[in-house]
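Notes for the structure review
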Amino acid sequence: MTDLNETLFNRAKQIIPGGVNSPVRAFKAVGGTPKFIDHAKGAYFWDVTQKRFIDYIGSWGPMIVGHSHPEVLEAVQKAALEGFSYGAPTLREIELVEALIKITPSMEMVRLVSSGTEAAMSAIRLARGATGRTKLIKFEGCYHGHADALLVKAGSGLATFGNPTSAGVPAEVVKDTLVLEYNNLSQLEEAFSLHHDQIACVMIEPIAGNMNFVRATPEFIQKCRELCTRHGALLVFDEVMSGCRVALGSAQSVYAKLLPGFEPDITVMGKVIGGGMPLAAFGGKKAVMEQLAPMGPVYQAGTLSGNPVATACGLATLNIISRPGFFDNLNQKTKRLIKGLEQVASQASVEFCGDAEGGMFGFFLLPELPQNYPQVMKSNSAHFNQFFHGMLDAGVYLAPALYEAGFVSAAHTDADIDETIEHAAKVFKTLKH
Ligand SMILES: *Cc1c(COP(=O)(O)O)cnc(C)c1O
């Protein structure tokens, strides 16, 4: 019997490339048929066969308060009644930016856009425009959206720049992007000693969620900060995933606790700040942000930027996550999930380790936590795929690729976490060695 998901996937594949509008949704890494989602509420979504899943991707991060939260729904419905988009400024844009600046004091000014890709791309243009330099440093395993200059892998050495990772990206467009190993202090120092007066910015995911979950070491963040300051480059924190997700003050607040006074120069945000609507942002110090049009020479614009329905959704979400105890609760739940998974994996003699911060987690089928992308990719992919499908059959939806992070929302209950761990205990025992 063909399942309705399969019927829809076949229908979609006729008219949408790969049947999906973003590649990871196609389950290519894990095999099988993706679930077509019918509706969602709290910590769950239901596919078109009305099978319920405990949702650990939360739209890849945004749904931190859970799906269809009544306060968010009310704000969105009210905003929708007032019109969808005006192409003229609104009060809610000011309120959202004020809220962002309050919880992220490294940003004195913010520009709103519609996607993380757009925010990261604009941040790089701004860094180049503000410094008058062209070269940028990024790290292997960090994703900053799909702008041309960022779809790049390392060249053959530190003196040579990157090669495109996508067809359609001309080599000339990535020739100013230098790709280094994450958490590698000596490579970073060497790169600065070679190219110091040409580097516009260093862009980093401080807690990298696009290679599952890898923290930059505090020493590495400190070194990024020092070298950027010394050589007049800007430090850009891409917090599209970690922003308002690992802590209310984002990953930069986690590092500021370890490195007093620490601040990035530019922050890129997305996902949580839109609460599930297309909304993203980038911000920094006034002197840098004032380089943007219409004040300065760096052009950037958007028809739907600061959209009134999206800002209503983002504001309602930020309002909920700003309440006392929100992140303590979320952090406890996420840590309990990872501890529980570690315990049942060890009982089944499966090599497994994990890490979590706030409402974001990662796990690896490895004996110890990886520090960089090559180590992440040593995770046992055959085991991961069996684990993923075992959990999916049991009604637990994990990210369908071993290099993706997972997300817990405030709507996940202790009972949901316990149920997940119980299923995992059974699935771990079935993994073929
Ligand atoms: C998701 C993500 C992006 C891209 O955001 P989109 O809204 O998908 O364009 C950029 N950077 C990071 C760190 C992300 O996780």
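Report on the accompanying structure. The model shown is predicted, which means the values in this text are computed figures rather than measured ones.

Parameters and conventions
- Residues numbered from 1 in each chain as written.
- Predicted model: local features only at pLDDT ≥ 70, side-chain atom pairs only at ≥ 80, totals over all residues.
- Heavy atoms only, no water.
- Helix = DSSP H or I, 4+ residues; strand = E, 2+ residues; numbered from the N terminus.
- Rg over C-alpha atoms; globule rule 2.2 N^0.38 Å.
- Buried < 20%, exposed > 50% of the residue type's maximum accessible area, 1.4 Å probe, protein only.
- Areas by Shrake-Rupley, 256 points an atom, 1.4 Å probe, with all protein chains shown as cover.
- Axes fitted to C-alpha atoms, helices over the stretch in contact; angles between N-to-C directions.
- Parallel < 35°, antiparallel > 145°, perpendicular 65-115°, else oblique.
- Contact = heavy atoms within 4.5 Å.
- Nonpolar A, V, L, I, M, F, W, Y, C, P; charged D, E, K, R; others polar.
- Near = heavy atom within 4 Å.
- Polar contact = N/O pair within 3.5 Å; in protein donor to acceptor, adjacent residues only side chain to side chain.
- Salt bridge = Lys/Arg side-chain N within 4 Å of Asp/Glu carboxyl O.
- Pairing = 2+ DSSP bridges.
- Expected span 1.5 Å × (residues − 1).
- Arc of directions from axis to C-beta.
- Phe/Tyr/Trp six-rings, centres within 6.5 Å; stacked < 30°, edge-to-face > 60°.
- Core = buried A, V, L, I, M, F, W, Y, C linked by side-chain atoms within 4.5 Å.
- Left-handed = near helix turned anticlockwise from the far one by under 90°.

1. Brief notes about the overall build of the chain
If you tally the helices and strands in the chain, you get 14 helices and 18 strands. Here the C-alpha atoms of the chain give a radius of gyration of 21 Å, agreeing with the 22 Å that 2.2 N^0.38 yields for 433 residues. Residue burial in the chain is summarised as follows: out of 433 residues, 55% are buried. Of the roughly 18400 Å² of accessible surface on the chain, 55% is carried by carbon and sulfur atoms.

2. As for the packing of helix α6 (residues 185-195) against helix α7 (residues 218-231)
Between α6 and α7, whose axes approach to 10 Å, the crossing angle comes to 10°. Considering their axes alone, α6 and α7 lie roughly parallel with respect to each other. For the pair α6 and α7, the contacting residues are L185, L188, E189 and F192 in the first and E219, F220, K223, C224, L227, C228 and H231 in the second. A breakdown of the residues in the contact of α6 with α7 according to their chemical character gives seven nonpolar, one polar and three charged.

3. As for the site of the ligand
Around the ligand, the neighbouring residues are S115, G116, T117, Y143, H144, G145, E205, N210, D238, V240, M241 and K271. Note that an oxygen atom of the ligand is positioned 3.1 Å from one of the side-chain N or O atoms of N210. Here a nitrogen atom of the ligand and a side-chain polar atom of D238 are 2.7 Å apart. For the ligand, the protein covers 82% of the area, taking 380 Å² as the surface of the free molecule.

4. Thoughts on the pattern of salt bridges
Taken as a whole and judged by the stated rule, the model has 15 salt bridges. One salt bridge in this structure joins E82 and R92, with 3.9 Å as the shortest N-O distance. Of this pair, E82 sits in the loop between α2 (70-81) and α3 (91-103) while R92 sits in helix α3, and the two are ten residues apart along the sequence. Of the charged contacts, one joins R336 and D414 as a salt bridge, the two residues approaching to 3.3 Å between their closest N and O atoms. Separated by 78 residues along the polypeptide, R336 in helix α11 (residues 326-347) and D414 in helix α14 (residues 414-430) bring together distant segments of the chain. Its relative accessible area of 32% is what places R336 among the partly exposed residues. Given a relative accessible area of 45%, D414 falls into the partly exposed group. Taken together, the salt bridges that share partners define one network made up of E189, K223, E226 and R230.

5. Thoughts on the sheet that holds strand β9 (residues 199-204)
Sheets are built from strands that pair by backbone hydrogen bonding, the pairs being arranged parallel or antiparallel. Taken together, the seven strands give an open sheet; going across it, the order is β4-β14-β13-β12-β9-β5-β8, and neighbouring strands pair in mixed fashion. The sheet is open, and its two edges are formed by β4 (109-113) and β8 (177-180), each paired on a single side. Going from strand to strand, the sheet's axes swing by 20° on average, the running direction of each strand aside. As judged from the four bridges shared by β9 and strand β12 (residues 234-239), these two strands associate in the parallel manner. Across the sheet, residue M203 finds its bridge partner in β12, namely V236.

6. Looking at the side chain of Q252
In this structure, Q252 sits in helix α8 (residues 250-258). What makes Q252 buried here is its relative accessible area of 6%. Setting aside its immediate chain neighbours within four residues, Q252 contacts T104, S106, F237, E239, F262, P264 and T267.

7. Describing α3
In this model, α3 (13 residues) spans 19 Å end to end at C-alpha, consistent with the 18 Å of a helix rising 1.5 Å per residue. Buried within α3 we find L96, V97, L100 and I103. Summarising the axial view, the buried residues of α3 lie within an arc of 135°, below the 170-degree limit, and thus occupy one face. For α3, the exposed residues lying more than 90 degrees away from the buried face are L91, E98 and K102.

8. Describing the packing of aromatic side chains
Two descriptors summarise a pair of aromatic rings, namely the distance from one centre to the other and the angle between the planes of the rings. Scanning the entire structure with this criterion turns up 19 aromatic pairs. Pairing F237 with F262 gives two aromatic rings, centres 5.3 Å apart and planes at 40°, and the pair type is tilted. Residue F237 is found in strand β12, and its partner F262 is found in the loop between α8 and β13 (266-269); the two are separated by 25 residues along the sequence. As far as burial versus exposure is concerned, F237 and F262 are alike and both buried.

9. Digging into the nonpolar core
Residues Y56, L100, I321, F387 and F428 are the most contacted members of the largest nonpolar core, which totals 69 residues. Setting aside residues no more than four positions away along its own chain, Y56 makes contact with L337, F361, V396, Y397, L398, G406, F407, V408, H412, D416, I417 and T420. Listed in part, the 42 residues of the second largest apolar core include I137, F192, F237 and A247.

10. Topic: the pairing of strand β14 (residues 280-284)
The buried count for β14 comes to five of five residues, which makes it a mostly enclosed element. Burial of β14 is two-sided: the residues A280, F282 and G284 facing one way and the residues A281 and G283 facing the other way are all buried. The sheet contact formed by β4 and β14 spans five bridges and is antiparallel. Residue V113 lies in a different strand from β14, and its bridge partner there is A280. Examined bridge by bridge, β13 and β14 share four bridges and lie antiparallel to one another. What sits directly across from M269, in β14, is A281.

11. What about the packing of α3 against helix α10 (residues 308-321)?
At a closest axis distance of 9 Å, the pairing of α3 and α10 adopts a crossing angle of 35°. In the packing of α3 onto α10, the handedness of the crossing is left-handed. Between α3, through R92, E93, E95, L96, A99, L100 and I103, and α10, the contact on the second element is made entirely by P308, T311, A312, G314, L315 and L318. Partitioned by chemical class, the residues of the contact of α3 with α10 number eight nonpolar, two polar and three charged.

Functional significance is not addressed by these values, which are geometric in nature.
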